[in-house]
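Next come the chains, spelled out residue by residue.
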Amino acid sequence: MSSVLLTDLNICVLGDGIASGEGDPGHRGWAGPLIDSVRAGHGPLNYYNLGIVGQNSEAVIGRLSELEPRMPLGADNRLILAFGLMDAVGVGGADPLPAKTSWQNLSTLLKQVHGHYKPLLVGPPAVYDPAQNARIKRINGGFRELCTRARVPYVDLFTSLQDDVQYRRELNQGDRLHPGSFGHRKIFDLVSNDRSWWFG
């Protein structure tokens, strides 16, 4: 059986289309440049982006087993979660999830990863539609509170992006849910400059 050095660093991004970089013409989103900055400052690491477009929190919980082969026991395992957008929008024409369901799903997820991975949650960003933003705002508040209680770092994208004119303009030029290159760069800046970011 091979051993893993405690200095091994593994970073997984797990979530929806915001996690995977949907809308970015370069297909790297915000997470790719974020990992590049970690490599530049801290050396080699293993990086896995497990974002899937159109997934809500229930679907994300169902994929936790994907983490196990990528982040072996004994390594420095960091998990960046990024979901919640599709909870507020609805998947495949279905109704949005109730905010309480989203909160319960996050609570369940945090309990399941506790002690196995070091998590950080990047909250859902604003979209173009006001009604959807109202739901995202409610989900965002609950996510922030749950993370505070669990002592899990939380990056609040919604509060920073809801009134950003250029971000909204770019949303309107695309699918109104996922940003383009400017928006992903903006998310990169918000995460990398947040005081809760591990490698700041």
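A quick note: this is a predicted structure, and the numbers were derived from the prediction, not measured. Position numbers for residues start from 1 in each chain and track the written sequence from start to end. Per-residue local features of the predicted model are confined to residues with pLDDT of at least 70, and side-chain atom pairs are confined, for both listing and counting, to 80 or more; whole-chain, interface and lining totals are unaffected and use all residues. To obtain the side-chain values, all non-hydrogen atoms of the structure were used and water was disregarded.

1. Remarks on the side chain of N140
Residue position: N140 is located in helix α6 (residues 130-150). For this analysis, residues touch if any pair of their heavy atoms sits within 4.5 Å. Once residues lying within four places of it in the same chain are set aside, the contact partners of N140 are Y154, D156, F158 and T159. Think of it this way: any DSSP run of H or I at least four residues long counts as a helix, any run of E at least two long counts as a strand, and we number them from the N terminus.

2. Let's talk about the environment of D175
If you trace the backbone, D175 turns up in the loop between α8 (165-173) and α9 (181-192). On a C-alpha basis, the gap between D175 and N140 in space is 21 Å, while along the polypeptide they are 35 residues apart. A 3.5 Å cut-off defines polar contacts: any pair of N or O atoms within that distance qualifies, except that in protein one atom must be a possible hydrogen donor and the other a possible acceptor, and neighbouring residues in sequence count only when both atoms are side-chain atoms. Engagement of the side chain of D175 in a polar contact is seen with the backbone nitrogen of L177, the distance being 2.8 Å. Of note is the side chain of D175, whose polar atom sits 2.7 Å from the side chain of H178.

3. What to know about the nonpolar core
Throughout this description, the term nonpolar core refers to a set of buried Ala, Val, Leu, Ile, Met, Phe, Trp, Tyr and Cys residues connected via side-chain atoms within 4.5 Å. Think of it in three bands: residues with accessible area under 20% of the maximum for their type are buried, residues over 50% are exposed, and the middle band is partly exposed, with areas taken using a 1.4 Å probe on protein chains only. Counting 59 residues, the largest nonpolar core has W30, L67, L79, I80 and W197 as its most contacted members. Leave out the neighbours within four places in its chain, and W30 touches I18, A19, I80, A82, V122, H184, I187, F188 and V191.

4. A short note on the pattern of salt bridges
Opposite charge on two side chains permits pairing when their charged atoms draw close. Each reported salt bridge corresponds to a side-chain nitrogen of Lys or Arg within 4 Å of a carboxyl oxygen of Asp or Glu. As enumerated under the stated definition, the model contains eight salt bridges in all. Where K186 meets D164, a salt bridge forms, and the shortest distance between an N and an O atom there is 3.3 Å. Here K186, found in helix α9, pairs with D164, found in the loop between α7 (157-161) and α8; they are 22 residues apart in sequence, far enough to count as distant. Classification of K186 by relative accessible area gives partly exposed; the value is 27%. Each of R28, D36 and R39 takes part in a single network of salt bridges with overlapping partners.

5. Focus: the packing of aromatic side chains
Here the distance between the centres and the angle between the planes together describe a pair of aromatic rings. We call Phe, Tyr and Trp rings a pair once their centres come within 6.5 Å, taking the six-membered ring for Trp, and we label the pair stacked below 30 degrees between planes, edge-to-face above 60, and tilted otherwise. Counted according to the given criterion, the structure contains four aromatic pairs. Here the aromatic rings of F83 and F143 are separated by 5.8 Å at their centres, their planes lie at 70 degrees, and the arrangement is edge-to-face. Of this pair, F83 sits in the loop between β3 (76-82) and α4 (85-89) while F143 sits in helix α6, placing them 60 residues apart in sequence. Neither residue differs from the other here; F83 and F143 are each classed as buried. Ring geometry for W197 versus F199: centroids 5.5 Å apart, planes at 70 degrees, classification edge-to-face. Owing to a relative accessible area of 5%, W197 belongs among the buried residues under this scheme.

6. Observations concerning the packing of α8 against α9
Two elements in contact, α8 and α9, have axes separated by 8 Å at closest approach and are oriented at 135 degrees. By the angle class used here, α8 and α9 are oblique. In this structure, the crossing between α8 and α9 has a hand that is left-handed. Of the residues in α9, those in contact with Q166, Y167 and E170 of α8 are S181, F182, G183 and I187. Put simply, Ala, Val, Leu, Ile, Met, Phe, Trp, Tyr, Cys and Pro go in the nonpolar bin, Asp, Glu, Lys and Arg in the charged bin, and everything else, Gly too, in the polar bin. Looking at the contact of α8 with α9 residue by residue, the class counts come to three nonpolar, three polar and one charged. To define axes, lines are fitted to C-alpha atoms, for helices over the stretch in contact only, and angles between the resulting N-to-C directions are given on a 0 to 180 degree scale. Any angle from 65 to 115 degrees is called roughly perpendicular, while one under 35 is roughly parallel, one over 145 is roughly antiparallel, and all others are oblique. Left-handed describes a crossing in which the near helix is turned anticlockwise from the far one by less than a right angle; the clockwise case is right-handed.

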